[in-house]
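# Results of the structural survey
The residues making up each chain are set out below.
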Amino acid sequence: DFDGAIAHYQIAKSLIWEGDSLGKLHKVWADTLFERGTAADRKSAWDHVQLALQHRRTSWRAETLWSAALIASNHPDWEVAKRLERACSLFGEAVELNPATAIQGLGPALSWIARWAGAVPHSNARDALVHLLAGVYPEGSEDIYRAGKGGAEGPMGMPLLSVFA
């Protein structure tokens, strides 16, 4: 029940003032709004995940960055290229912070990278991200470099999303 959960988060906000607990509250609030999925919810989810990132300084920050990447990839007010660039940038931050946590998002990230390459053929930021990912996840480097060039298929024609799912 999305509405019930959001009502509880509104009450909890009056009880939690600072720190990682406030960051966690805004993170789950953002995730709930994202799941509910209206355009207004996705805009509000972005605001909440930004608040979460201001407060999350512990090992949970990588998880929050992943939520932020998902939300950015679907932001209703941004052009496709901006959504993809922002999602990839946030994913890269998550990888740098905690590669073991971030690997859960590698499949979607490769799809974003491939689509970003199609929308913006030349990007130093994308090239840097591809090199970072290939270094951190060498077992997937072939697919990572393929995505960086706009390729959307992995080994034997499988979609990149399924290779790391």
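Refer to the structure printed above.
A few points on the structure. (Residues numbered from 1 in each chain as written. Predicted model: local features only at pLDDT ≥ 70, side-chain atom pairs only at ≥ 80, totals over all residues. Heavy atoms only, no water.)

## Quick word on the packing of aromatic side chains
Cut-off, in case you're wondering: Only centres within 6.5 Å qualify two rings of Phe, Tyr or Trp (six-membered ring in Trp) as a pair; their planes then separate them into stacked at under 30 degrees, edge-to-face at over 60, and tilted for everything else. Here a helix means four or more residues in a row that DSSP labels H or I, a strand means two or more in a row labelled E, and each is numbered from the N terminus. Whether a charge sits over a ring depends on NZ of Lys or CZ of Arg being within 6 Å of the ring centre and within 35 degrees of the ring normal.
Tallied over the entire structure, the rule returns three aromatic pairs. Pairing W66 with F91 gives two aromatic rings, centres 6.0 Å apart and planes at 70°, and the pair type is edge-to-face. Of the two residues, W66 is situated in helix α4 (residues 61–72) and F91 in helix α5 (residues 80–97); the sequence distance between them amounts to 25 residues. Among the aromatic residues, ring-to-ring pairing joins W66, F91 and W112 into one connected group. Over the face of the ring belonging to W116 we find R126, whose NZ or CZ atom lies 5.4 Å from the ring centre.

## Observations concerning the environment of L97
The criterion, for reference: Any two residues having at least one pair of non-hydrogen atoms within 4.5 Å are treated as being in contact.
When you line up the elements, L97 lands in helix α5. Considered as a pair, L97 and R61 are 36 residues apart in the sequence and their alpha carbons are 7.9 Å apart. Setting aside residues no more than four positions away along its own chain, L97 makes contact with R61, A62 and L65.

## Regarding the nonpolar core
Under the convention used in this document: Side-chain atoms within 4.5 Å link the members of a nonpolar core, which is a set of buried Ala, Val, Leu, Ile, Met, Phe, Trp, Tyr and Cys residues. In this scheme, a residue with accessible area under 20% of its type's maximum is buried, one over 50% is exposed, and one in between is partly exposed, where area comes from a 1.4 Å probe on protein chains only.
Counting 40 residues, the largest nonpolar core has W46, F91, W112, I113 and L133 as its most contacted members. Looking at this core, the elements that each hand over two or more residues are α2 (19–36), α3 (39–55), α4, α5, α7 (106–119), α8 (124–136) and α9 (141–148). Apart from the residues within four sequence positions on either side, I113 is in contact with C88, R126, L129, V130, L133, A147 and G148.

## Thoughts on the pattern of salt bridges
For clarity, the cut-off: Should a side-chain nitrogen of Lys or Arg be within 4 Å of a carboxyl oxygen of Asp or Glu, the pair is scored as a salt bridge.
A full pass over the atoms with the stated rule returns seven salt bridges. The partner of E63 in a salt bridge is K27, with the nearest N and O atoms 3.9 Å apart. Of this pair, E63 sits in helix α4 while K27 sits in helix α2, placing them 36 residues apart in sequence. Given a relative accessible area of 25%, E63 falls into the partly exposed group. A residue is classified by how much of its surface remains accessible, and K27, at 9% relative accessible area, is buried. Where E63 meets R56, a salt bridge forms, and the shortest distance between an N and an O atom there is 3.7 Å.

## Some words on the environment of L129
Among the structural elements, L129 can be located in helix α8. Relative accessible area serves as the criterion here: at 7%, L129 is assigned to the buried category. Sequence separation between L129 and V95 is 34 residues, and the spatial gap between their C-alpha atoms is 9.7 Å. What L129 contacts, discounting residues up to four positions off in sequence, is C88, G92 and I113.

## Regarding α5
What counts here: One fewer than the residue count of a helix, multiplied by 1.5 Å, yields its expected span.
Here α5 spans 26 Å end to end across 18 residues, near enough to the 26 Å set by a 1.5 Å rise per residue. The complete set of buried residues in α5 reads R83, L84, A87, C88, L90, F91, G92, A94 and V95.

## Here we look at the side chain of H48
Its place among the elements puts H48 in helix α3. Judged by relative accessible area, which is 11%, H48 ranks as buried. Not counting residues up to four positions away in its chain, the partners in contact with H48 are H26, W29, A30 and L33.

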